Amino acid sequence: MPSSPAGTPAVPTSTADGSTAQGTQVVPATGGPTASRAHGGLLVLVGMLLVALNLRAAVTSLGALLDEVRVGLALSGTMAGFVTTLPTIAFAGLGAVTPWLVRRLSTARLLVLGMLALAVGQVLRAVTGSAVVFLLTSALALAGIAVANIMMPMLVKQYFPHRTGLVTGAYTMALVAGTTVAAAAAVPVAHAFGSWRAGLGVWAGLALVAVLPWLPAALRSRSRTDARRATRDGVARVIIRPSRTRLGWAMAVYFGAQSLSGYAIMGWLAQLFRDAGFRPQDAGLLLAAVTALGVPIALLMPTLAGRLKNLRMLVFALTAASTLAYLGLALAPRDAAVLWVLLLALGQGAFPLILTTIGLRARTADGTVALSAFAQSAGYVIAALGPLMVGILYEGTGGWTAPIGFLLLALAVQTGAGMVIARPRYIEDER
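Calculation criteria
Residues numbered from 1 in each chain as written. Predicted model: local features only at pLDDT ≥ 70, side-chain atom pairs only at ≥ 80, totals over all residues. Heavy atoms only, no water. Helix = DSSP H or I, 4+ residues; strand = E, 2+ residues; numbered from the N terminus. Buried < 20%, exposed > 50% of the residue type's maximum accessible area, 1.4 Å probe, protein only. Contact = heavy atoms within 4.5 Å. Areas by Shrake-Rupley, 256 points an atom, 1.4 Å probe, with all protein chains shown as cover. Expected span 1.5 Å × (residues − 1). Polar contact = N/O pair within 3.5 Å; in protein donor to acceptor, adjacent residues only side chain to side chain. Salt bridge = Lys/Arg side-chain N within 4 Å of Asp/Glu carboxyl O. pLDDT = per-residue confidence, 0-100. Axes fitted to C-alpha atoms, helices over the stretch in contact; angles between N-to-C directions. Left-handed = near helix turned anticlockwise from the far one by under 90°. Nonpolar A, V, L, I, M, F, W, Y, C, P; charged D, E, K, R; others polar. Core = buried A, V, L, I, M, F, W, Y, C linked by side-chain atoms within 4.5 Å. Parallel < 35°, antiparallel > 145°, perpendicular 65-115°, else oblique. 1 Å grid on protein atoms, 1.4 Å probe; cavity = no way out; pocket = protein on both sides within 12 Å on 5 of 7 lines; lining within 4 Å. Points joined across faces, edges and corners; volume = space filled by probe spheres on them. Phe/Tyr/Trp six-rings, centres within 6.5 Å; stacked < 30°, edge-to-face > 60°. Lys NZ or Arg CZ within 6 Å of the ring centre and 35° of its normal.

### Here we look at the overall build of the protein chain
Scanning the protein chain from N- to C-terminus turns up 19 helices and 2 strands. By residue count, 58% of the 431 residues in the protein chain fall in the buried class. By sequence separation, contacts in the protein chain at least 24 residues apart represent 80% of the contacts at least 6 residues apart. Split by element, the accessible area of the protein chain, about 16300 Å² in all, is 69% carbon and sulfur.

### Quick notes on the environment of Leu 247
Relative to the assigned elements, Leu 247 resides in helix α12 (residues 246-275). For the pair Leu 247 and Arg 361, spaced 114 residues apart in sequence, the C-alpha separation works out to 8.6 Å. Apart from residues lying up to four places away in sequence, Leu 247 is in contact with Arg 361, Ile 421, Arg 425, Tyr 426, Ile 427 and Glu 430.

### Topic: unusual backbone geometry
In the Ramachandran plot, Ala 74 falls in the positive-phi region, its phi being about 55° despite a non-glycine side chain. A residue is classified by how much of its surface remains accessible, and Ala 74, at 69% relative accessible area, is exposed.

### Re helix α17 (residues 365-383)
With 19 residues, α17 should reach 27 Å at 1.5 Å per residue; the first-to-last C-alpha distance of 25 Å fits that figure. α17 sits mainly inside the fold: 16 of its 19 residues count as buried. Near the N-terminus of α17, the side chain that reaches the backbone nitrogen of Gly 367, with its oxygen 3.0 Å away, is that of Thr 364.

### Notes on the pattern of salt bridges
Pairs can form between side chains of opposite charge whenever their charged atoms are close. Using the criterion set out here, one finds 5 salt bridges in the structure. Across the pair Glu 430 and Arg 425 runs a salt bridge, and its minimum N-O distance is 2.8 Å. Take Arg 425: its relative accessible area is 11%, and that puts it in the buried class. Overlapping salt bridges bring together Asp 67, Glu 68 and Arg 274 as one network.

### Re the confidence of the model for the protein chain
Of the residues in the protein chain, 86% reach a pLDDT of 70 or more, and the chain-wide mean stands at 82. The low-confidence segment residues 1-33, where pLDDT is below 50, has 98 contacts with residues more than four positions distant or belonging to other chains. Every residue in residues 223-236 scores below 50 in pLDDT, and together they form 24 contacts with partners more than four places removed in sequence or on other chains.

### Concerning helix α19 (residues 401-421)
Its 21 residues give α19 an end-to-end C-alpha distance of 31 Å, which sits within 8% of 30 Å, the value for a rise of 1.5 Å per residue. Residues of α19 that are buried in the fold lie against α12, α14 (312-331), α16 (350-360) and α18 (385-397).

### Comments concerning the packing of α14 against helix α15 (residues 337-347)
As a packed pair, α14 and α15 sit with axes 7 Å apart at the nearest point and diverge in direction by 145°. Both α14 and α15 take part in a crossing whose hand is left-handed. Between α14 and α15, the contacting residues are Leu 318, Ala 321, Ser 322, Leu 324, Ala 325, Tyr 326, Gly 328 and Leu 329 on the first element and Trp 340, Leu 343, Leu 344, Leu 346 and Gly 347 on the second. In terms of residue class, the contact of α14 with α15 is made up of 10 nonpolar, 3 polar and no charged.

### Describing the nonpolar core
For soluble globular proteins, the rule of thumb is that nonpolar side chains tend to be buried together. Judged by nonpolar contacts, the single largest core of 129 residues is most densely connected at Met 48, Val 69, Tyr 254, Phe 273 and Leu 353. Non-local contacts of Val 69, meaning those with residues more than four positions away in its chain, are made with Leu 62, Ala 74, Leu 75, Phe 134, Trp 196 and Leu 200.

### Looking at the packing of helix α4 (residues 77-102) against α18
Across the interface, α4 lies against α18 with an axial gap of 7 Å and an inter-helix angle of 160°. Put simply, α4 runs roughly antiparallel to α18. As α4 runs across α18, the sense of the crossing is right-handed. Taken together, the residues of α18 that come into contact with α4 (itself represented by Gly 77, Thr 78, Gly 81, Phe 82, Thr 84 and Thr 85) are Pro 387, Leu 388 and Glu 395. Along the lines of polarity and charge, the residues of the contact of α4 with α18 split into 3 nonpolar, 5 polar and 1 charged.

### Description of empty space enclosed by the protein
In total, this model carries 6 cavities of 30 Å³ or more according to the counting rule given. Roughly 310 Å³ of volume is contained in the largest cavity. Lining the largest cavity are 21 residues, and of these Val 176, Met 266, Thr 291, Gln 348 and Phe 351 sit closest to its centre. Of the volumes computed, that of the second largest cavity is approximately 110 Å³. For the second largest cavity, the lining is made up of 13 residues, of which Ala 264, Ile 265, Leu 272, Trp 400 and Leu 407 are closest to its centre. Of all elements in the fold, only α12, α14 and α19 reach the threshold of two or more residues within the lining of the second largest cavity. For the lining of the second largest cavity, the class distribution of residues is 13 nonpolar, no polar and no charged.

### Considerations on the packing of aromatic side chains
Each aromatic ring pair is described using two quantities: the centre-to-centre distance and the angle formed by the ring planes. The full count for this structure, using the stated rule, is 9 aromatic pairs. On the basis of an interplanar angle of 75° and a centroid distance of 6.3 Å, the ring pair of Phe 134 and Trp 196 is categorised as edge-to-face. Here the residue Phe 134 occupies a position in helix α6 (residues 131-159), and Trp 196 occupies one in helix α8 (residues 196-201), the gap between them amounting to 62 residues. Each member of the pair Phe 134 and Trp 196 is classed as buried. An aromatic cluster is built from Phe 91, Phe 255, Phe 351 and Tyr 380, whose rings are joined through pairwise contacts. The cationic tip of Arg 334 hangs over the ring face of Phe 278; the distance from NZ or CZ to the ring centre is 4.6 Å.

Given below as structure tokens:
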């Protein structure tokens, strides 16, 4: 298995089903196995949290500044819709090849490369005057996020198999916090420096900070093929194909439908509030409030999901919150904006729920990365329709009734898939 940030030899760690998996722990010069495991686990956790802070900042900062970017790069409404769709396209394409990368590069090296791609992409897109170059450099930045997206549930299963809910909640909370800060600060930073380019480019520094915990191990680690690791471990790896299972497809549809609404909200909610009469700064703060209110939800949802045998009631509760929010935004977006933001935040609890469910529906780290890769890559193909369709419907109708109707339809599909994944089962049993 990939090495840890310390880049030291691997020692067995227990998996969720009681078997052992080759995990890598930090082994200091002195101290017993318990201390070394605790130190290694802490270093991995810190590295995960720093990476998680970067997983949506590049997206929500653009959402908050979308109007300025449209004017600055002379983007049409359809092209702006494609810009907001680009994250899902990148996440789908790169997510599909991440298991292949995991088998050939160490964890540390792969995460360092991902965060460097994110940093470079964010800097380059902030300085270009070309719409095409903006798209290409945005894709580079998003490629780094795509790889990390897939790896996070795998790291939880590999290093924290008995604390799946707690650790998933911690890194999801960090993800939401990064999302919130980027959405809230993008416009003020842009105004402070007199350009939207500063509001987008500043987040490259956060990506460089995330490199630091993984860099020493990345410089020492070696690329290893899956076959070499299997020979070393003396264990034949079982190939898991979620695409051939009902559970795999249900996970992909649920992930895709909730991501569809999530990225549509990140890309267009600020514009909706601007159209309702809010100032750009206030519209950005309302967008940030959705993610800010999601911080405690991101922490509590995985723990709650981990304690429930059946997730059906959670699925229904999240659907009800989203439905009320969409209806409110369609009928009275200005009069009760805070209430709709609160309900949206509750509904977006579907994101930490599905991330937790990926770990709960797999017995091993290999099963988790296979399920994570398929659910996220196939799911993001579905999600790509969200921002694009919202942009097309918004430009075509000049209002928000049709886009919100589309989001309600996606919510119905999400709920149907949620009923399938709510029941306890494991991807390894459906091969």
